[in-house]
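Chains, contacts and geometry: an overview
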Amino acid sequence: METELMRIGVSLPDTLLDKFDGIIENRGYSSRSEGIRDAIRSYISYYELMNDIKGHRVGTVAVIYDHTKRGLSNAITDIQHHYSHLIKSSVHIYLDPDDCFEVVVLDGSGEEIAELAEAMMALKGVKYSNLTTVESNESI
């Protein structure tokens, strides 16, 4: 079955595109388009995995973000306050004059943990985010 290809336009900062181009060259992709298709497939798989986090879980969400981005620190704090019943601890580290690294330890509903992580990941100015969870029958 032949799939129709759609042409799209994407605007990216040059530093991000340079890193991406280096990766696709190192991985041996035949084109930038092939690398983008693979990245989108990976993103879709990750999204589906995030939607499958159910039951009682423990885990961490780690984010690196630009604290100079207007309103970002407050938005992250507001999200954490909204889900404070899940948060057992957090560590905040200043990486450089602009960037902060935060790790939040969570215990509770997998669905809510995923919601918290998604809300933080979606904020403009978040440069890196990663959610790790495991099933748990007991609180930590």
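Presented here is a report on the structure given in the accompanying data block. Within each chain, residue numbers correspond to sequence positions counted from 1 in written order. Selection of residues for local features in this predicted model requires a pLDDT of at least 70, selection of side-chain atom pairs for listing and counting requires 80 or more, and totals for whole chains, interfaces and linings are taken over all residues. The side-chain quantities take in all heavy atoms of the structure and omit both hydrogens and water.

Quick word on the overall build of the protein
Each helix is a run of H or I in the DSSP string that is no shorter than four residues. Each strand is a run of E no shorter than two, and both are numbered from the N terminus. On a plain count of helices and strands, the protein comes out with four helices and four strands. When the helices and strands of the protein are read in sequence order from the N terminus, they spell out α-α-β-α-β-β-α-β. Across its three principal directions, the C-alpha atoms of the protein cover 50 × 45 × 25 Å. Residue burial is assigned from relative accessible area. The probe radius is 1.4 Å, only protein chains are included, and a residue is buried under 20% of its type maximum, exposed over 50%, and partly exposed in between. Here the protein holds 140 residues, and the buried ones make up 26% of them. At a minimum sequence separation of 6, the contacts of the protein that also span at least 24 residues come to 69%. Here the open area of atoms and residues is found with the Shrake-Rupley method and a 1.4 Å probe, where only the protein chains shown may cover a residue. Counting only carbon and sulfur atoms, one obtains 52% of the accessible surface of the protein, whose full area is about 9900 Å². Positive residues here are Lys and Arg, negative ones are Asp and Glu, while His and the chain termini are left out of the count. Every charge is mapped onto a representative atom, which is NZ of Lys, CZ of Arg, CG of Asp or CD of Glu. Seen as two clouds, the 13 positive and the 23 negative side-chain charges of the protein have centres 5 Å apart. Whether two residues touch is decided by their heavy atoms; if any such pair falls within 4.5 Å, the residues are in contact.

Concerning the pairing of strand β1 (residues 56-66)
For β1, a buried count of eight out of 11 residues is recorded, marking the element as mostly surrounded by other parts of the structure. A pair of strands is treated as paired once DSSP finds two or more bridges between them. In the sheet, β1 pairs with strand β4 (residues 126-135) via nine bridges, with the strands oriented antiparallel. Looking across to β4, one finds that I64 is bridged to Y128.

Overview of the environment of V134
For V134, the location among the structural elements is in strand β4. Apart from residues no more than four positions distant in its own chain, V134 is found in contact with H56, R57 and V58.

A few points about the pattern of salt bridges
Take a side-chain nitrogen of Lys or Arg and a carboxyl oxygen of Asp or Glu: if they are within 4 Å of each other, that pair is a salt bridge. Taken as a whole and assessed by the stated rule, the structure comprises four salt bridges. With a shortest N-O distance of 2.7 Å, D21 and R32 are connected by a salt bridge. Of the two residues, D21 is situated in helix α1 (residues 14-27) and R32 in helix α2 (residues 32-50); the sequence distance between them amounts to 11 residues.

A few points about the side chain of E102
Note on placement: E102 falls in strand β3 (residues 99-109). Notably, E102 is buried but unbridged: the nearest opposite-charge side chain belongs to K127, and the N-O separation is 14 Å. Side-chain polar atoms of E102 contact the side chain of Q80, separated by 2.9 Å. Of note is the side chain of E102, whose polar atom sits 3.0 Å from the side chain of H92. Non-local contacts of E102, meaning those with residues more than four positions away in its chain, are made with V61, A62, V63, Y65, I76, Q80, S90, V91 and H92. Side-chain atoms alone can form a polar contact between residues adjacent in sequence; in general such a contact is a pair of N or O atoms within 3.5 Å, and within protein one must be able to donate a hydrogen while the other accepts it.

A look at a nonpolar patch on the surface
Patch rule: a residue counts if its relative accessible area is over 30% and it has no salt bridge; like charges are joined within 9 Å, and nonpolar side chains (Val, Leu, Ile, Met, Phe, Trp, Tyr) within 5 Å. Together, I36, I40, Y43, I44 and Y47 make up a nonpolar patch on the protein surface, roughly 510 Å² of accessible area in all. Locating I36 in the fold gives a position in helix α2.

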